[in-house]
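This is what each chain is made of:
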Amino acid sequence: GAVVSQHPSWVICKSGTSVKIECRSLDFQATTMFWYRQFPKQSLMLMATSNEGSKATYEQGVEKDKFLINHASLTLSTLTVTSAHPEDSSFYICSARDQTSDTAETQYFGPGTRLLVL
Amino acid sequence: AQTVTQSQPEMSVQEAETVTLSCTYDTSESNYYLFWYKQPPSRQMILVIRQEAYKQQNATENRFSVNFQKAAKSFSLKISDSQLGDTAMYFCAFMRDSNYQLIWGAGTKLIIKP
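Description of the structure in this document. Here the structure is a predicted model, which is why all the values come from computation and not from measurement.

On to the side chain of B:Thr108, then. All names here are of chain B. Turning to its location among the elements, Thr108 is positioned in strand 12 (residues 108–113). By relative accessible area, which is 0% here, Thr108 ends up buried. If we skip the residues at most four places from it in the chain, Thr108 touches Gln6, Gln8, Pro9, Glu10, Met11, Leu21, Ala88, Met89 and Tyr90.

The interface is formed by 17 residues belonging to chain B together with 22 residues belonging to chain A. Interface area for chain B against chain A, summed over the two sides, is near 1,700 Å², with a carbon-plus-sulfur share of 52%. The interface formed by chain B and chain A includes one salt bridge. Applying the counting rule to chain B against chain A returns eleven residue pairs in polar contact (both at pLDDT 80 or more). Only strand 5 (32–39), strand 6 (46–52), strand 10 (88–96) and strand 11 (102–104) of chain B provide two or more residues apiece to the side of chain B that touches chain A. Top element by residues in the side of chain B that touches chain A is strand 5 of chain B. It accounts for four residues.

Attention shifts here to the pattern of salt bridges. The tally for this structure, following the rule as stated, stands at eight salt bridges over all chains. Note that B:Arg50 is salt-bridged to A:Glu105, the shortest N-O span being 2.1 Å. With one member in each of two chains, B:Arg50 in strand 6 and A:Glu105 in the loop between strand 9 (90–97) and strand 10 (107–109) form a pair that bridges those chains. An identical accessibility class is assigned to B:Arg50 and A:Glu105; each is buried. Through salt bridges with shared partners, a single network forms among A:Glu105, B:Arg50, B:Glu52 and B:Lys55.

Our focus in this paragraph is the state of the cysteines. Residues and elements named next belong to chain A. Per the stated rule, a full pass over the model turns up two disulfides over all chains. Each sulfur of the disulfide joining Cys23 and Cys94 lies 2.0 Å from the other. Residues Cys23 and Cys94 are joined by a disulfide whose S-S torsion is about 80°; by sign, that bridge is right-handed. Of this pair, Cys23 sits in strand 3 (residues 19–25) while Cys94 sits in strand 9, placing them 71 residues apart in sequence. A residue is classified by how much of its surface remains accessible, and Cys23, at 0% relative accessible area, is buried. With no disulfide of its own, Cys13 lies closest to Cys94 among cysteine sulfurs, the gap being 18 Å.

Moving on: the sheet that holds strand 1 (residues 4–7) of chain A. All names here are of chain A. As summarised here, the arrangement of the four strands in space is 1-3-8-7, forming an open sheet in which the pairing is antiparallel. In the strand order of this sheet, the two ends are held by strand 1 and strand 7 (67–73), each with one partner. Strand-to-strand twist of the sheet, defined as the mean angle between neighbouring strand axes without regard to direction, takes the value 15°.

Residues and elements named next belong to chain A. Counting buried positions along strand 4 (residues 32–38) gives seven out of seven residues, so the element sits mostly inside the fold. Burial along strand 4 is two-sided: the face carrying Thr32, Phe34, Tyr36 and Gln38 and the face carrying Met33, Trp35 and Arg37 are both buried. Pairing of strand 4 with strand 5 (residues 44–51), which is carried by seven bridges, proceeds in the antiparallel orientation. Note that in strand 5 the partner of Tyr36 across the bridge is Leu46. Connecting the antiparallel pair strand 4 and strand 5 is a turn made up of five residues, with Lys41 showing a positive phi of about 60°. Where strand 4 and strand 9 come together, six bridges link them in antiparallel fashion. Paired with Trp35 across the bridge in strand 9 is Cys94.

Conventions used here
- Residues numbered from 1 in each chain as written.
- Chains lettered and ligands numbered in written order.
- Predicted model: local features only at pLDDT ≥ 70, side-chain atom pairs only at ≥ 80, totals over all residues.
- Heavy atoms only, no water.
- Helix = DSSP H or I, 4+ residues; strand = E, 2+ residues; numbered from the N terminus.
- Buried < 20%, exposed > 50% of the residue type's maximum accessible area, 1.4 Å probe, protein only.
- Contact = heavy atoms within 4.5 Å.
- Buried area = accessible area lost by both parts, 1.4 Å probe.
- Salt bridge = Lys/Arg side-chain N within 4 Å of Asp/Glu carboxyl O.
- Polar contact = N/O pair within 3.5 Å; in protein donor to acceptor, adjacent residues only side chain to side chain.
- Disulfide = S-S within 2.5 Å.
- Pairing = 2+ DSSP bridges.
- Axes fitted to C-alpha atoms, helices over the stretch in contact; angles between N-to-C directions.

Structure (structure tokens):
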């Protein structure tokens, strides 16, 4: 149980285009999902907290208009990187909580998405 | 603000040996959660073990166990009978029970040698 998927796993795009990354909880409902960014050999940096049916909460320094988050259902959250530039190239990871489980505080992670902007 | 410190950037041990990864944290909260996650070369973040601060008993999961010292704000991970598949980055993380956000340590790269 508690499986989280991400799609795509790898994406290469041209500078100026937009890229959408999907995060799905496969066997549970997740009212809260989290989006992280990870630079090489570093820890995870929380970008935003995604809440089903409401606006995402962004961390300080994260541009809301650049990283659009939509959490339209209890099993799907999307991150759209708008007008991507080479500095947006990174590894993006999502996580989700199964709030109905005995370990509702635990976050389960997707496999990540590698984004390369040329 | 809460902080998590992992003082060992890298460790290596022989297969079958026991290894302990250290983690300390700073908080004024009384109730919280602590986690160890591993990130192998595939970069999939995998939960290793979790600990609830109000529980004095140390959590164990098969070959993985923790030494939770609440007063000292220490949360070390012991891996017994280490296996090649344990090679990974290990991250210690802290979570307040109010907002479910994880505060991460910098990670320890663990290499298990055959």
